[in-house]
Amino acid sequence: MDSQTIARNIERVKATIADACRRSGRRPEDVRLIAVTKYVGIDTTRAVLDLGIEHIGENRVQEAVPKYDKLGSRGTWHFIGHLQSNKVKNVLGRFTYIHSLDRHSLAKEIQKRAAKRAMTVNCLLQVNVSGEKSKFGLAPSELVEFAKEVAEMSNIRIVGLMTMAPFVDNPEEVRPVFRELRSLRDQLYRLELPQVGKLELSMGMSNDYTVAIEEGATMVRLGSVLVGRES
Ligand SMILES: *Cc1c(COP(=O)(O)O)cnc(C)c1O
């Protein structure tokens, strides 16, 4: 996709975000736009950065690392995909956020590696709100216990919750999924866990982000609506 088309897409998406904010009494600056570049190559990813997009999302370590190693001096990089423990070492030091912390073994590995490098890793806990078998994430009923465990790990900072809604034709159908994630976030606030401050809500993709924003999303992860698909 050429740069002009991407520029138009960005404008359109920003206007749509602003509309959704207006409808729900929110401020557009409270919604961060993460451009998901997993469907496109390095040139398009560079074009996205050139157009002033600050946040880049990638979901596969193998493809993301070469991109990061060329472009990573620019932007803030978000790891949004399922993360295998043996790939943690490639993600730390590159990605500022991991959106997919969803199990104890992964938390342990992140903690161990982060401690060795004397760094703190920003993690969002991924919740499988809809319960779809094909999706990763904690069951909502597991979240509190898991958050308490992770809050004890001194090199991990819990910065939010992430979910992926089922793909549906009418995004109104998944509004309850987003509402539930927000309610889980509020539940975590009430626990007043040590080292847990403001909690982001990473929810909303190309087909459902307006509904996610109306329900409180502070990070939307948009791929195809911004950059199309190259493969
Ligand atoms: C691919 C992906 C997205 C973006 O998908 P689009 O529907 O193209 O916007 C967002 N989040 C995650 C976790 C993804 O894997």
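About the cut-offs
- Residues numbered from 1 in each chain as written.
- Predicted model: local features only at pLDDT ≥ 70, side-chain atom pairs only at ≥ 80, totals over all residues.
- Heavy atoms only, no water.
- Phe/Tyr/Trp six-rings, centres within 6.5 Å; stacked < 30°, edge-to-face > 60°.
- Helix = DSSP H or I, 4+ residues; strand = E, 2+ residues; numbered from the N terminus.
- Buried < 20%, exposed > 50% of the residue type's maximum accessible area, 1.4 Å probe, protein only.
- Lys NZ or Arg CZ within 6 Å of the ring centre and 35° of its normal.
- UniProt positions renumbered as here; feature names shortened; annotations may be inferred.
- Contact = heavy atoms within 4.5 Å.
- Lys, Arg positive; Asp, Glu negative; His and termini not counted.
- Salt bridge = Lys/Arg side-chain N within 4 Å of Asp/Glu carboxyl O.
- 1 Å grid on protein atoms, 1.4 Å probe; cavity = no way out; pocket = protein on both sides within 12 Å on 5 of 7 lines; lining within 4 Å.
- Points joined across faces, edges and corners; volume = space filled by probe spheres on them.
- Nonpolar A, V, L, I, M, F, W, Y, C, P; charged D, E, K, R; others polar.

Caption draft 1: Inspection of the packing of aromatic side chains at higher detail. The full count for this structure, using the stated rule, is four aromatic pairs. With 6.4 Å between their ring centres and 75° between their planes, W77 and F95 make a pair best called edge-to-face. Taken together, the residues span a long stretch of sequence, with W77 in strand β3 (residues 76-79) and F95 in the loop between α4 (88-91) and β4 (97-101) at a distance of 18 residues. Ring centres of F79 and F95 lie 5.4 Å apart, and the angle between their planes is 85°; this geometry places the pair in the edge-to-face category. In this pair, F79 is assigned in strand β3 and F95 in the loop between α4 and β4, connecting sequence segments 16 residues apart. The buried category is assigned to F95, whose relative accessible area is 7%. Chaining the aromatic ring pairs together yields one cluster made of Y68, W77, F79 and F95. The side chain of R229 reaches across the aromatic face of Y39, ending 4.0 Å from its centre.

Caption draft 2: Focus on the UniProt feature "modified residue: N6-(pyridoxal phosphate)lysine" (unreviewed entry) in the chain. Here, UniProt's "modified residue: N6-(pyridoxal phosphate)lysine" (unreviewed entry) annotation points to K38. Mapped onto the secondary structure, K38 falls in the loop between β1 (32-36) and α2 (42-50). Not counting residues up to four positions away in its chain, the partners in contact with K38 are G57, E58, N59, E63 and K67.

Caption draft 3: Quick look at the UniProt feature "domain: Alanine racemase N-terminal" (unreviewed entry) in the chain. With numbering matched to this structure, UniProt assigns "domain: Alanine racemase N-terminal" (unreviewed entry) to residues 6-228. A distance of 9 Å separates the end C-alpha atoms of residues 6-228, which is 41% helix and 17% strand.

Caption draft 4: Molecular detail of the side chain of N9. Checked against the element boundaries, N9 lands in helix α1 (residues 3-23). Setting aside residues no more than four positions away along its own chain, N9 makes contact with M1, V225 and L226.

Caption draft 5: Broad picture of the side chain of D208. Along the chain, the position of D208 falls in the loop between β7 (200-202) and α8 (209-214). R221 provides the closest opposite charge to the buried, salt-bridge-free D208, at an N-O distance of 7.0 Å. Those residues in contact with D208 that lie beyond four places of it in its chain are A165, P171, V174 and F178.

Caption draft 6: Expanded view of the layout of surface pockets. The space that makes up the largest pocket amounts to roughly 420 Å³. In terms of lining, the largest pocket is formed by 22 residues, of which the most central are K38, Y39, N59, M164 and M205. Its residues assigned to classes, the lining of the largest pocket shows eight nonpolar, nine polar and five charged. Within this model, the second largest pocket holds a volume of roughly 200 Å³. Around the second largest pocket sit K14, I17, P28, V31, R32, L33, G52, I53, E54 and H55, which together line it. Listed by contribution, the elements that provide at least two residues to the lining of the second largest pocket are α1 and β1. Of the residues assigned to the lining of the second largest pocket, the class counts are five nonpolar, two polar and three charged.

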